Amino acid sequence: MVRISMDDPLATLAAPPPNETPEARQARERREAEARRINDAIDEQIRQERNSLKKKKRPVKILLIGQSESGKSATLKNFQLQYAREQWKLERMSWRAVIYLNLIRNVIEVLDLLVEAMAHADGDKQPSPSSPTSDVPDSDGEYRRRYPPSLTFTDKHRLLKIRLAPLRSVLVDLERRIGPGSQEVYSVSAPPADAREPQTPIPHSRSREFGVSSSNGWKSVLDKIRQATRGGAGPPSPNQKQRDPGHDEVTDIFAGCKDDMKKLWKDPVVKQILAHRRSKIEDSSGFFLDDIDRIAVPDYEPTDEDIVRARLRTVGVQEHRFIIDESPSFAPLSDHGKEWIMYDVGGTRSSRAAWASFFDDVDAIIFLSPISCFDERLREDRNVNRLEDSIQLWRSICSSRILAKTQIILFLNKCDILHKKMKRGVLVKDYVPSFADRKNDTMTVMKYFQEHFKDISKKCSPEPRTFFVHFTSVIDTKSTARTLKAVQESVLQQHLQKATLI
């Protein structure tokens, strides 16, 4: 006899109907058994999905931070070079147009200096159309400081001005082809002839520089180049041979100007003009003038090093994803198949407000500070020393309570350029008074800045943290690969600790 509690309405509903026949009872029991089977199957599926989620590898999230032209994008390209070789190969020829753009900008910058000096020698003080007004001497005294005395110009220089003029239209065509990434960078004031002199603000000036503003970064630029070349066709398969993007009239004009570009770059008068300038074009990002012979040819194919050196200014924040390759030569066995997400953020002052929204849930921050820039000024604000700006950024990142438990890895970058400046005899103490009477050589300067950044980290961090630092030249792909391997192992260990796996 079944006893039913009248206090339980569900029990009443679940009770068999009165006067149930044997046939009805068997049918009901079959339905209940099927319902239990379905319910058990759903429970098992939920259990399996829950276990699968537990086993799924949480992606490693890295944020690249630093001022503009600190080397963030070059570091990111080094990661792509190591982690995503197949995609890297597919994109290789698309970088050709960007490298052309960089080299043409180099040539036009040098040509404008020559044209400006020739115009002043002829009594015309008007700037050339593409010269930033902040770089134009406005007095005979400033001209003498900016240019060496007794420059002698010949018909050869006037001919170079004419023969290289087509490169200006090539530059415009490349900017149009690559897309709306051509941004304008605004300077608050021009740099003085000597950075140690008192500075007087002057009206705003502009200099054009190519940039990337989409959420996919240079990916969108390369896709646009490929689509323009193929007439809108879809992406090529990995086994399909790519047609050379940019192999058209632009390439023909560019290759046709090769000899004149070489003559301009090697001209003794031009060398005099460039040697008289405090800033060296050789130290700038995207410098390719020493590679004219190799690049200005119809069958040029970019090397890995060319792609890493190619300059595209980052605007905004861009996300890049990598799946660690199965090759044990670079990745630890525990990291095979793991997804890494890297965020490359624009470094100009106007872009930095977007950084904070990415601080949460990142495993590590790679902070890039170019220690060669102790005698340089921000492109967007010529009153601000670049090294001082970088130090202030480092202080604010270390002080952030949101990042108190986040691993911060410091790249003291552009050590190669620092070494060149030391060989040229640039004195650090003239720009960094606290350097005082220390020995003015590369190693001493590197160790001095390392201790300075370390001291800030120790004083400003809300909680004690390990100081991770690497001296880098991120355009050197081989040495950077070794650095990235050390960084990867350190970040992976921190990542596993956060995931409570160790």
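All values reported here derive from a predicted model rather than from experimental measurement. (Residues numbered from 1 in each chain as written. Predicted model: local features only at pLDDT ≥ 70, side-chain atom pairs only at ≥ 80, totals over all residues. Heavy atoms only, no water.)

(A) Region of the structure containing the packing of aromatic side chains. Following the criterion strictly, the structure yields 10 aromatic pairs and no others. Among the aromatic residues, those joined into a cluster by ring pairs are Phe-367, Trp-394, Phe-453 and Phe-467. In this structure, Lys-271 packs its charged tip against the face of Trp-265, placed 3.7 Å from the ring centre. In this arrangement the basic side chain of Lys-421 is found over the ring face of Phe-374, its NZ or CZ atom lying 5.5 Å from the centre. (Phe/Tyr/Trp six-rings, centres within 6.5 Å; stacked < 30°, edge-to-face > 60°. Lys NZ or Arg CZ within 6 Å of the ring centre and 35° of its normal.)

(B) Region of interest: the environment of Phe-359. Mapping Phe-359 onto the fold places it in the loop between β6 (339-345) and β7 (364-370). Look at Phe-359 and you get buried, because its relative accessible area is 10%. Between the C-alpha atoms of Phe-359 and Leu-63, which are 296 residues apart in sequence, the distance is 7.9 Å. In contact with Phe-359, not counting residues within four places along its chain, are Leu-63, Ile-65, Ile-365, Ile-397, Ser-400, Ile-402 and Leu-403. (Helix = DSSP H or I, 4+ residues; strand = E, 2+ residues; numbered from the N terminus. Buried < 20%, exposed > 50% of the residue type's maximum accessible area, 1.4 Å probe, protein only. Contact = heavy atoms within 4.5 Å.)

(C) Focus on the layout of surface pockets. Each pocket or cavity is described by its volume, and for the second largest pocket that value is around 550 Å³. Lining the second largest pocket are 34 residues, and of these Ser-285, Gly-286, Arg-309, Lys-414 and Ile-475 sit closest to its centre. Only α3 (72-83), α14 (304-309), β4 (313-314) and α16 (415-424) provide two or more residues apiece to the lining of the second largest pocket. Of all the elements, α3 adds the most residues to the lining of the second largest pocket, at 4 residues. Taken together, the residues that form the lining of the second largest pocket break down as 9 nonpolar, 13 polar and 12 charged. (1 Å grid on protein atoms, 1.4 Å probe; cavity = no way out; pocket = protein on both sides within 12 Å on 5 of 7 lines; lining within 4 Å. Points joined across faces, edges and corners; volume = space filled by probe spheres on them. Nonpolar A, V, L, I, M, F, W, Y, C, P; charged D, E, K, R; others polar.)

(D) Expanded view of the confidence of the model for the protein chain. Per-residue pLDDT for the protein chain averages 77, and the proportion of residues at 70 or more is 71%. By mean pLDDT, the top-scoring element of the protein chain is helix α17 (residues 442-460) (96), and the lowest-scoring one is strand β2 (residues 182-187) (44). Here residues 127-141 is modelled with pLDDT under 50, and outside its nearest four sequence neighbours on either side it reaches 28 contacts, counting other chains as well. Segment residues 232-246: pLDDT under 50, and 26 contacts once partners within four positions in sequence are set aside and those in other chains are kept. (pLDDT = per-residue confidence, 0-100.)

(E) Expanded view of the nonpolar core. Grouped together as the largest cluster of nonpolar side chains are 71 residues, with contacts concentrated most on Phe-254, Met-261, Leu-264 and Leu-289. Sorting elements by how many residues they give to this core places helix α5 (residues 95-121) first, with 17 residues. Each of domain 1 (58-91 + 314-501) and domain 2 (94-122 + 150-180 + 209-225 + 244-301) contributes no fewer than three residues to this core. If sequence neighbours within four positions are ignored, Leu-289 has contacts with Leu-103, Asn-106, Val-107, Val-110, Trp-265 and Ile-281. (Core = buried A, V, L, I, M, F, W, Y, C linked by side-chain atoms within 4.5 Å. Domains from an automatic or database assignment.)

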